[in-house]
Amino acid sequence: MSTASAAPARKKASFPFWAQVLAGLAAGVLLGWLARTFDVAWLKELLSTVGTIFVQLLRVIVVPLVLTALIVSITQLRHVANAAKLAVQTLAWFAITAFISVLIGIGLGVLTNPGASASIGTEGARAVATQGTWLDFIKGLVPVNFLGLEASSRFNADAATVATSLNFNVLQLVVLGIALGAAALAVGEKANPFIEVAGSLLAVFQKLVWWVILLAPIGTAALIGRAVATYGWDLIAPLGIFTLDVYLGCAIVMFGLYPLLLKMHGLSVRRWFSGAWESITLAFVTRSSIGTLPVTQSNTINKLGVPQSYASFAVPLGATTKMDGCAAIYPALAAITVAQLFDIQLGLQHYVLIAFVAVVGSAATAGLTGAIVMLTLTLSTLGLPLEGVGLLLAIDPILDMARTATNVAGQSLIPTIVAKRNGILDEDVYNGRRIPDADDARLAAAHA
């Protein structure tokens, strides 16, 4: 057989990338079960280490990727008709779906009374150290330095040492990227070299991202294995109804609300799930909207047909502010649960405040430190005891998987809907009538 004729055969026989991720998921569940059932300490440590490394690789590349992608996308908006209209519609749909999602969360909480059925005491409850306020949210929008870099130190009294860690405030990076892109537009032709450099850097970082994504099957196995090994029914049982409510709420939004919106816009639900599923499953295991951002953006452009010039703006913005799981469903259910645990009655005004925080304060999940801070922001606004947050921390990682998958699903859904409404969606790409994109080709070549 000739080399030319053998090449297609190798490609056809290769293990599809999505199947490799699913295989990694299954392997992770098995390894996690073995580690937990037989208490294999070295396996638990291995799964934790490999999973942590994979997430760190994604996050370290995402920082420059977000910054350069936003600069390039903002400058490309000059070639997009009605750019301001697209931006306004994107934010409006973010708010609409957040409002509906929080109503679903409130409805489930009122119907099931998750706190009343919880078998957990409040005697040892303590407030978490990291909390969110509206002032923190406003301050979080303003960059403290060029990269939105933040340092935190922790003193270990036993070892008499101080450990310092560096983190990037992604919301501040978004503000910086938008500001730099807008400034480049305002400068005009003199900014062309700057725009070209940003474009070249973006291409390099995208290549790095795809190299890391090739490790996704291994990372998936490690991350899901760590979750299974660490969290069992003995931890979930005391808050079993609350846990089920969070997963049910996320399922209703992802498999009920989102398909309904797609149908209303004349789009195939099956095709959307086919295009977005890779990023949704990766978000489930990594528990990071930002870490999944490169895959979400690539799928939205190359598999759902959203123009790159618009998606490069909308998807990174969504990764920091579009949080139907973390900022709508979860805080609504958690607030109701905490109120019931402490025997506090909620009235109509409290539910209105929950909806207000979900719609207006979603960006706090990125500007501060995630869903926990969003919950403290909700509880403080309602006047509920912040000690209740500590009672939910033990099972937070297992809840975060469903929350993040829902977040990422919404981050690809809204650009798709807005593009459709404005007549810029490439429906040939959306419906699968296309030549495989460059990213698919790279993945196929790597696994041939």
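This text follows the structure it describes.
Fair warning: this is a prediction, and the values are worked out from it, not measured in the lab.

### Concerning the overall build of the protein chain
Phase 1 of the analysis: Scanning the protein chain from N- to C-terminus turns up 21 helices and two strands.
Phase 2 of the analysis: For the protein chain, the residues scored as buried account for 52% of the 448 residues in total.
Phase 3 of the analysis: Of the contacts formed within the protein chain by residues at least 6 apart in sequence, a portion of 82% connects residues at least 24 apart.

### Focus: helix 14 (residues 325-341)
Phase 1 of the analysis: At P331, helix 14 is deflected by roughly 35°, the largest bend along its length.
Phase 2 of the analysis: For helix 14, the buried fraction is high: 16 of the 17 residues fall into the buried class.
Phase 3 of the analysis: Backbone geometry just after helix 14 places D343 at a positive phi near 55°.

### Structural notes on unusual backbone geometry
Phase 1 of the analysis: The residue D39 is not glycine, and still its phi comes out positive at about 50°.
Phase 2 of the analysis: With respect to the secondary-structure elements, D39 resides in the loop between helix 2 (17-37) and helix 3 (41-76).
Phase 3 of the analysis: Taking relative accessible area as the criterion, D39 reaches 54% and is therefore assigned exposed.
Phase 4 of the analysis: Phi is positive for N113, which is not a glycine, with a value near 50°.
Phase 5 of the analysis: Here N113 shows up in the loop between helix 4 (83-112) and helix 5 (134-141).
Phase 6 of the analysis: With a relative accessible area of 35%, N113 lands in the partly exposed category.

Conventions used here
- Residues numbered from 1 in each chain as written.
- Predicted model: local features only at pLDDT ≥ 70, side-chain atom pairs only at ≥ 80, totals over all residues.
- Heavy atoms only, no water.
- Helix = DSSP H or I, 4+ residues; strand = E, 2+ residues; numbered from the N terminus.
- Buried < 20%, exposed > 50% of the residue type's maximum accessible area, 1.4 Å probe, protein only.
- Contact = heavy atoms within 4.5 Å.
- Bend = angle between axes of the 7 residues up to and from the residue.

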